[in-house]
Amino acid sequence: MNATHDLDLQPTLIGETILLRPLLADDFEPLYAAASDPMIWEQHPEPLRYQRAVFAGFFASALASGGALVVIDKPSDTVIGSSRYYDWNPDAQEVTIGYTFLARSHWGGATNREMKQLMLDHAFLRAKAVWFHIGSSNWRSRKAMENIGGKLSHEAGVEANGVMHDYAFYTIEAPR
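The following paragraphs examine the structure supplied in this document. (Residues numbered from 1 in each chain as written. Predicted model: local features only at pLDDT ≥ 70, side-chain atom pairs only at ≥ 80, totals over all residues. Heavy atoms only, no water.)

1. A short note on the side chain of Asp27
Along the polypeptide, Asp27 turns up in the loop between β2 (18-22) and α1 (28-35). Its relative accessible area of 4% is what places Asp27 among the buried residues. In terms of polar contacts, Asp27 uses its side chain to reach the backbone amide nitrogen of Leu24, at 2.7 Å. Every residue in contact with Asp27, bar those within four places of it in the chain, is listed here: Arg21, Pro22, Phe59 and Val70. (Helix = DSSP H or I, 4+ residues; strand = E, 2+ residues; numbered from the N terminus. Buried < 20%, exposed > 50% of the residue type's maximum accessible area, 1.4 Å probe, protein only. Polar contact = N/O pair within 3.5 Å; in protein donor to acceptor, adjacent residues only side chain to side chain. Contact = heavy atoms within 4.5 Å.)

2. Details of the pattern of salt bridges
Per the counting criterion, the structure on display carries six salt bridges. One salt bridge in this structure joins Arg21 and Asp27, with 2.7 Å as the shortest N-O distance. Arg104 is the salt-bridge partner of Asp37, the closest N and O atoms lying 2.5 Å from each other. In this pair, Asp37 is assigned in the loop between α1 and α2 (38-41) and Arg104 in the loop between β5 (94-102) and α4 (111-123), connecting sequence segments 67 residues apart. Residue class for Arg104 comes out partly exposed when judged on its relative accessible area of 37%. (Salt bridge = Lys/Arg side-chain N within 4 Å of Asp/Glu carboxyl O.)

3. Comments concerning the nonpolar core
In terms of nonpolar packing, the biggest core is built from 28 residues, with Leu20, Tyr85, Val95, Met119, Val130 and Phe132 touching the most fellow members. When contributions to this core are tallied by element, the ones reaching two or more residues are β2, β3 (68-73), β4 (78-89), β5, α4, β6 (129-135) and β8 (163-173). Non-local contacts of Leu20, meaning those with residues more than four positions away in its chain, are made with Pro11, Thr12, Leu13, Leu69, Val70, Val71, Met115, Leu118 and Met119. Judged by nonpolar contacts, the second largest core, of 19 residues, contains Leu23, Ala35, Phe55 and Ala103. (Core = buried A, V, L, I, M, F, W, Y, C linked by side-chain atoms within 4.5 Å.)

4. Brief notes about α4
Relative to the 18 Å expected for 13 residues at 1.5 Å per residue, α4 spans 18 Å between its end C-alpha atoms, a close match to the ideal helical length. Counting buried residues along α4, 10 of its 13 residues qualify, which places the element largely inside the surrounding structure. Three or more residues of α4 are buried, namely Thr111, Asn112, Glu114, Met115, Lys116, Leu118, Met119, Leu120, His122 and Ala123. (Expected span 1.5 Å × (residues − 1).)

5. Considerations on the sheet that holds β6
Each strand in a sheet pairs with another by means of backbone hydrogen bonds, the pair being arranged parallel or else antiparallel. In spatial order, the strands read β1-β2-β3-β4-β5-β6-β8-β7; together these eight strands make up an open sheet with mixed pairing. Of all strands in the sheet, those bounded by a partner on one side alone are β1 (13-14) and β7 (151-160). Sheet analysis places β1 next to β2, joined by two bridges and oriented antiparallel. When the bridges of β2 are listed, Leu13 appears paired with Leu20. (Pairing = 2+ DSSP bridges.)

6. Here's the deal with α1
Regarding α1, the residues found buried are Phe28, Leu31, Tyr32, Ala34 and Ala35. One side of α1 holds all its buried residues, which, seen down the axis, span an arc of 155°. On its buried face, α1 is in contact with α2, α3 (52-65), β3, β4 and β5. (Arc of directions from axis to C-beta.)

7. Let's talk about the packing of α1 against α3
For the pair α1 and α3, the least separation of the axes is 11 Å and the interaxial angle reads 120°. In terms of orientation, α1 lies oblique with respect to α3. Both α1 and α3 take part in a crossing whose hand is right-handed. Listed contacts from α3 to Phe28, Glu29, Leu31, Tyr32 and Ala35 of α1 are Arg52, Phe55, Ala56 and Phe59. Of the residues that constitute the contact of α1 with α3, the class distribution is seven nonpolar, no polar and two charged. (Axes fitted to C-alpha atoms, helices over the stretch in contact; angles between N-to-C directions. Parallel < 35°, antiparallel > 145°, perpendicular 65-115°, else oblique. Left-handed = near helix turned anticlockwise from the far one by under 90°. Nonpolar A, V, L, I, M, F, W, Y, C, P; charged D, E, K, R; others polar.)

8. Some points on the environment of Phe101
Structurally, the position occupied by Phe101 is in strand β5. For the pair Phe101 and Ser82, spaced 19 residues apart in the sequence, the C-alpha separation amounts to 5.7 Å. In this structure Phe101 touches Leu31, Ala34, Ala35, Ile40, Trp41, Phe55, Phe58, Ile80, Gly81 and Ser82, once residues within four positions along its chain are discounted.

So this is what it looks like as structure tokens:
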């Protein structure tokens, strides 16, 4: 692959109030502490992810993905969530951002917007479009996506761990 077509899927991104950096194995406990609230997952296609055993599978997949980032609240130096880049297609110049969650202490403010903007700005160094796959019934995430300019493209079923889930596919195009 031509180096000019590569997108670093695990950058360190520094914002005003948060820092995103590559996920490490040592992040399990602090990330699980952020993820162990059942309300985070109540509208998610995998609503039991707050359980340690279920989260352990999610975490192992995130580590193996090569695109997972941990979100750190800069003022408190606390892990507050994670996100990841995946499905990078250098020919189409498209990437997906997903598997995102934030601790409820950071809902309803500027954190999600700051995180997504940092990730979008990085993606648009190489990508023309960024996709987001959101559980169709996850209305909180869908509303948040629309609030940052995501446009609904379509809805479709996606198989995850042998189970079909309905997803809404949103896209944001690179600024011209």
